[in-house]
Amino acid sequence: MALRHYTLDFSLSTAVDSASTVPGLLSIFHEQEMTETVHDTDGHGYLATFLLNALEKKLKVLLNGNITRIKRLPALIRGAKVDRYWPTADGRLMEYDIDRVVYEEDSAYQNIKILHSKQFGNILVLNGDVNLAESDSPYTQAIIGSGKENYAGKEVLILGGGDGGILAEVVKQKPKMITMSYIDQKVIDGCRAHMRLTCGSILDSLEGDCYQILVEDCVPVLKKYVQEGRTFDYVINDLTAVPISTEPEEDSTWEFLRLILDLSIKVLHPSGKYFTQGNSVNLKEALSLYEEQLGKLSCPVGFSKEVVCVPSYLELWVFYTVWKK
């Protein structure tokens, strides 16, 4: 059974004597045959589980107008079968209108969930991170150039993109060939079955008239293309966002990002473009560090960025376009 957990936040203008005030508050719990845990905060706060209406009235009486602010916070739903709470990239907790788990698997690489939201449709969540919802066409459009590019007759390389959204969109423009490298077959399987509004029928087959999906690690693929001297008109990197911090635990992610960036630029045609996501617009330090990496590549590059509202992320997201100078 799911329980609604309410929190009441209030501030006092001056400290109060908890020894005389708290017993009056506790009488509310006792009347309802409830037990409580009291936390002494030196007269500046009180934390408990309570009946809101009764407590608000009791507070006003006991504290004699000493309350400077009182606000009833929204309820937290605890103990539900489906987790509704997921953090944003910048650490804010968001409640989604998720009502059921559509798909869940553990692969050799990650935990995979597809959750249904009444507002956003099915949402792909990998290792606890919201990746993409069926409502998130602004993400897909931004990472392929926001309608400013002509892919007709071009060679395209997609890194990641297991939900199939990028592939499905670029195929519409009749490119010469799209090569997509994604490591996790179980993500592809889940999205093929449950993210049809995103991928359409493109994941029904691993190859078509103008595309092929390589279910393998993209790093050896990139290294092979570098060795062969193969180039692409567009490289679209949908593997991972820019790490949220520069702490030691993020070092391996930064190393991976630098490797992918360097190899991608090496296989980029001199007149080509490299597209990738950044991260939340609020993570300015991390984004600045990424932009520093762009100045340390094997050849000079230019870049531009675009800020887009991705519906299911509930925050503004930065996308990069990079080109050789």
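The protein is annotated in an unreviewed UniProt entry as Spermine synthase from Labrus bergylta. What the UniProt record of the protein gives under Sequence similarities (unreviewed entry) is the line "Belongs to the spermidine/spermine synthase family."

(A) Structural detail: the pairing of strand 6 (residues 111-117). Judged by how many residues are buried, strand 6 sits mostly within the fold: seven of seven residues are covered. In strand 6, alternate side chains face the same way, and those of Asn 111, Lys 113, Leu 115 and Ser 117 on one face and Ile 112, Ile 114 and His 116 on the other are all buried. For strand 5 (residues 98-106) and strand 6, the ladder comprises seven bridges, and the chain directions are antiparallel. Paired with Ile 98 across the bridge in strand 6 is Ser 117.

(B) Structural detail: the side chain of Asp 238. Residue placement: Asp 238 occurs in strand 13 (residues 232-238). Buried charge without a salt bridge: Asp 238, with Lys 172 as the nearest opposite-charge side chain at an N-O distance of 15 Å. If we ignore the near neighbours within four places in the chain, the residues touching Asp 238 are Tyr 139, Ile 143, Leu 159, Gly 160, Gly 161, Asp 163, Ile 166 and Gln 277.

(C) Structural context of the UniProt feature "active site" (unreviewed entry) in the protein. When the UniProt feature table is mapped onto this chain, "active site" (unreviewed entry) is found at Asp 238. With a relative accessible area of 12%, Asp 238 lands in the buried category. Only 2.4 Å separates the side chain of Asp 238 from the side chain of Tyr 139, close enough to count as a polar contact.

About the criteria used
For every chain, the first residue of the written sequence is number 1, and numbering continues from 1 along that sequence. Only residues with pLDDT of at least 70 are given local features in this predicted model, and only at 80 or more are side-chain atom pairs given and counted; all residues enter the totals for whole chains, interfaces and linings. Think of the side-chain values as coming from all heavy atoms in the structure, minus any hydrogens and water. UniProt positions are given in the numbering used here, feature names are shortened, and annotations may be inferred rather than shown by experiment. For each residue, the accessible area found with a 1.4 Å probe, counting protein chains only, is set against the maximum for its type, and the residue is called buried under 20%, exposed over 50%, and partly exposed in between. Each helix is a run of H or I in the DSSP string that is no shorter than four residues. Each strand is a run of E no shorter than two, and both are numbered from the N terminus. In this scheme, strands are said to pair when DSSP sees at least two bridges between them. The charge count treats Lys and Arg as positive and Asp and Glu as negative. His and the chain ends do not count. By definition, a salt bridge exists where a carboxyl oxygen of Asp or Glu is found within 4 Å of a side-chain nitrogen of Lys or Arg. Whether two residues touch is decided by their heavy atoms; if any such pair falls within 4.5 Å, the residues are in contact. In protein, a polar contact means a hydrogen-donor-capable atom and an acceptor-capable atom, both N or O and within 3.5 Å, with residues adjacent in sequence counting only if both atoms are side-chain atoms; elsewhere, any N or O pair within 3.5 Å suffices.

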